[in-house]
Each structure stands twice: as C-alpha cells, then as structure tokens.
Amino acid sequence: MKKLRVAIIGQGRSGRDIHGAYFLSPDNDRFEVVAVVDAIADRRERGKKDFGCDAYEDYRELFNRKDIDLIVNASFSQQHYEIAKDCLEHGYNVLNEKPFAKTYYESMDLINTAKKHGVLITAFHQSLYSPAVNVIRELLPTGKLGNIKQINLCWSGFSRRWDWQTLQNHCAGGVYNTAPHPIGMALDFLGWDPDAKVVYSHLDRALTSGDANDMAKIIITAPGKPIVDIEVNSADAYPARQFKILGDRGTLSSNESGEIEMKYIVDSELEPRPVTEEPLRKPETGYPMYCSETLPFHEETVTAIGSRFSTACDIYYKKLYDTLVNGAPLYVTAEKAAKVIEIIEAVHAQNPLSVKY
C-alpha cells in the first residue's frame, strides 16, 4: 500500500499528542511523517527522534520540498488561516486543526484558494466519527425515539486554564477550542442544513485566567429540525452526559464512548387515552385523581467502543487517505468546517467580551 508523506506544522498537544500519536500508532499503515516544523528547538529534536524525519524552524522551509502529500497544520489557532493559505498557494494539500479559521470569510477564502490551485483543504473534525456519534447515526433512523424534538450536547467540566488558549488574540476560548466538537455534531444531526442558525447564545468568563470565554450556551436550530442545546462550561462540577436526544416517544443518553442508553415506548402497546375535560376521579372513592400512568417502556443499551483520540482519528485518516489516493468523496468537507465557523462567528458577534491582553 502506498504511504502518503506528511509534514506536521506544530509539535504541541495537537501536532504531537494527537496527530503525531496516531501516525506512530499500530493503526496507521497509510501515512509516513517526513517532516515536522516547530519554532522551539527541543520540540524539533524530539520530532526528529520520534519520527525519524527532518525538522524545520519555519514552515516555509517545506516549500523547498516536492515530496510532501499532506501538510497537517497544527500551529497556533490564530495562524491557521495564514499558514494554510500560504501552503495551498504553494500547491500542498492541507489539513487544518480546529478551528478551521477565525471567520467565515477566511474559511471561504481557503476553500477558493484550494480550488484555484487544484489541491485539498479540510479540517480535523474527527469527532464526527466518535464512537457514540457512529452508533447514534444508526439508531436515530430506526424511529424508536419517534420524532426528534431536542438534542442536548454537553462538553463541560470543572477545571481552570491559563495557557495561550485562554486569549482572544490567539483566536481561543471555549467556543473556538472545544465547541467545534459539539457544534460540528449539532450540524451533523441537523443534516448540515444551510439554514441552521444560532437562535440564542451567551458567553462568559468563570475560571479562566485569560480574557476569552470559558462558559458558553448556544442554541441552534433549522426550519423543521430539532432544537440543539449546547453547553461548554469550565465551571460545571456536575456535568451532564455528553449526548441527550429527546424524541416524542423516548430518550437517548450517552457519552462519547461507553454505554448508550435508550428508553422508549411503542404506540401499539399503549392503552388508548382519549382526552377528557371532566375532572379525573379515583374509581374506588370518587376522590380527585392525578393524571398519571405507568408507561410500558422498552430499554436498550448499546456499547460504543473506542475514543475520539484513537478510533475516531483512525476512521478520519483512513477516509482522508481514500480521498487523496482514490478520489473518494470527503465527508468532512471544508464547506462543513466553514459552516461550523459561521456558527462560532455568530456566537462571538452576539456576545462581545472585553479584551484584556
């Protein structure tokens, strides 16, 4: 099998510990890291040792090479657009880490630049292949939950941050850093409806040392589609499960991996209950009676095996390989990544926070 030659820009938590870790894992048999780029010397040396590859201080040194099939852009978030555009203009396929860009304009400019130069641009939305998402995609069309009315996505926890990803001038904060995962999933569950929009949002700061948000409430919907309620909150000591999907016949609850639980009713098993305007009475006494019954629920549990950082990465990269080598359609397109940024940009426009740094 032909291996694609990869250069990774950035050897931080994403470049080394997510992308690099995958390329070094037994699951990878399609990609070979031939170069790493980082401004920090010891990271370059570690990259050379880890991958047995070349290392550069400046990403523009890659332009002297013609043997690179894919550039993984895991630079600082505020650099994603500028670096990706430069690489595209020099004829390289680019995979941008999240966020894809800062604005919808930048996103579309990357898409148009890629088309102009006949290369590929996409974003690392591997969470669209998270174990639970894969299972939920199969469960929802069964109709067991009935018509889906609301989807709750919770990406919250109880922790502090004080690194560069807390700074607005680094295109950071909870919505740019974390929310691309649930926003991407939300849009996926809404069928990537072009009319999906933010109907309510609120941003705030809680435990962060920086000036970007670490609390967010985002509500998205589209005509005729469920409402999606997203929470990304670093001050939530009792976070809900990551997925809660409410239909008019039942509910699904799950985290990204592990047990997916469903509880639902079947109409044909229910005793008819025609509406009545008469006050309800207890049959034996005639006293007032509360309107209640014990519904005959069905319960199912399905196990989602794997994680966003192993299983989902493997699926993502194998599909990307199939696109680059065989021309297979790409599911995680740049246009979808741009829609995520359109939502993120709308949320920030609705909730401007003061800039401190």
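Residues numbered from 1 in each chain as written. Predicted model: local features only at pLDDT ≥ 70, side-chain atom pairs only at ≥ 80, totals over all residues. Heavy atoms only, no water.

Draft legend 1. Spatial organisation of the overall build of the protein chain. The secondary structure content of the protein chain amounts to nine helices and 14 strands. For the protein chain, the spread of C-alpha atoms along the principal axes amounts to about 90 × 50 × 35 Å. Expressed as a percentage of its 357 residues, the buried residues of the protein chain come to 49%. Partitioning the intrachain contacts of the protein chain with sequence separation of at least 6 by distance along the chain shows that 72% fall at a separation of at least 24. When the accessible surface of the protein chain is summed, it comes to about 17600 Å², and 51% of that surface belongs to carbon and sulfur atoms. Where the 41 positive side-chain charges of the protein chain centre and where its 49 negative ones centre are 2 Å apart. (Helix = DSSP H or I, 4+ residues; strand = E, 2+ residues; numbered from the N terminus. Buried < 20%, exposed > 50% of the residue type's maximum accessible area, 1.4 Å probe, protein only. Contact = heavy atoms within 4.5 Å. Areas by Shrake-Rupley, 256 points an atom, 1.4 Å probe, with all protein chains shown as cover. Lys, Arg positive; Asp, Glu negative; His and termini not counted. Charge placed at Lys NZ, Arg CZ, Asp CG, Glu CD.)

Draft legend 2. Highlighting the nonpolar core. Counting residues in each nonpolar core, the largest one holds 96 residues, and the members touching the most others are F23, L62, L153 and Y317. Looking at which element gives the most residues to this core, the answer is helix α9 (residues 334-350), with eight residues. When sequence neighbours within four positions are dropped, the list of residues in contact with L153 reads P182, M185, A186, F189, V228, D229, I230, E231, Q242 and F243. (Core = buried A, V, L, I, M, F, W, Y, C linked by side-chain atoms within 4.5 Å.)

Draft legend 3. Local environment of the side chain of E256. Mapped onto the secondary structure, E256 falls in the loop between β12 (250-254) and β13 (258-264). E256 sits in the buried class, given a relative accessible area of 9%. Among the polar contacts listed, one links the side chain of E256 to the side chain of R308, at a separation of 2.8 Å. If near-sequence neighbours (up to four positions away) are discounted, E256 is found in contact with S127, S130, P131, A132, W155, M185, Q242, F243, A304 and R308. (Polar contact = N/O pair within 3.5 Å; in protein donor to acceptor, adjacent residues only side chain to side chain.)

Draft legend 4. Just the environment of P141, in detail. With respect to the helices and strands, P141 occurs in the loop between α5 (131-139) and β7 (148-154). With relative accessibility at 66%, the residue P141 sits in the exposed group. In sequence terms P141 and S209 are 68 residues apart; their C-alpha atoms lie 44 Å from each other.

Draft legend 5. Structural view of the pattern of salt bridges. In total, this model carries 26 salt bridges according to the counting rule given. Between D17 and R16 there is a salt bridge; the shortest N-O distance is 3.1 Å. Using a relative accessible area of 43% as the deciding quantity, one classes D17 as partly exposed. R249 is the partner of D248 in a salt bridge, and the nearest nitrogen-oxygen pair spans 3.8 Å. By relative accessible area, R249 is classed as partly exposed at 30%. Within the structure, one salt-bridge network assembled from shared partners comprises R5, E32, D54, R65 and D67. (Salt bridge = Lys/Arg side-chain N within 4 Å of Asp/Glu carboxyl O.)

Draft legend 6. Representation of the packing of aromatic side chains in the model. In total, this model carries 16 aromatic pairs according to the counting rule given. Between W155 and F243, the aromatic rings sit 5.6 Å apart at their centres with planes inclined by 85°, giving edge-to-face as the arrangement. Taken as a pair, W155 in the loop between β7 and α6 (174-177) and F243 in strand β11 (residues 243-247) lie far apart in primary sequence, 88 residues in all. Given the relative accessible area of 9%, W155 is considered buried. Ring geometry for F189 and F243: centres 6.4 Å apart, planes at 75°, overall edge-to-face. Linking F189 in helix α7 (residues 180-189) with F243 in strand β11, this pair joins segments that are 54 residues apart in sequence. F243 matches F189 in its accessibility class, with the two residues each being buried. Above the ring of Y321, the side-chain terminus of R30 is found at 5.6 Å from the ring centroid. Across the ring face of Y331, the terminal group of K336 is positioned such that the distance to the ring centre comes to 3.5 Å. (Phe/Tyr/Trp six-rings, centres within 6.5 Å; stacked < 30°, edge-to-face > 60°. Lys NZ or Arg CZ within 6 Å of the ring centre and 35° of its normal.)

Draft legend 7. Examining the sheet that holds strand β9 (residues 215-221) more closely. Taking strand neighbours across the sheet as the criterion, the eight strands line up as β8-β9-β10-β7-β11-β12-β13-β14 in an open arrangement whose pairing is mixed. The two strands at the open ends of the sheet, each matched to only one other strand, are β8 (197-204) and β14 (298-304). Taking the axes of each pair of neighbouring strands and ignoring which way they run, one obtains an average angle of 10° across the sheet. Contacts from α9 reach β8 and β9, with the element oriented near 55° to β8. (Pairing = 2+ DSSP bridges. Axes fitted to C-alpha atoms, helices over the stretch in contact; angles between N-to-C directions.)

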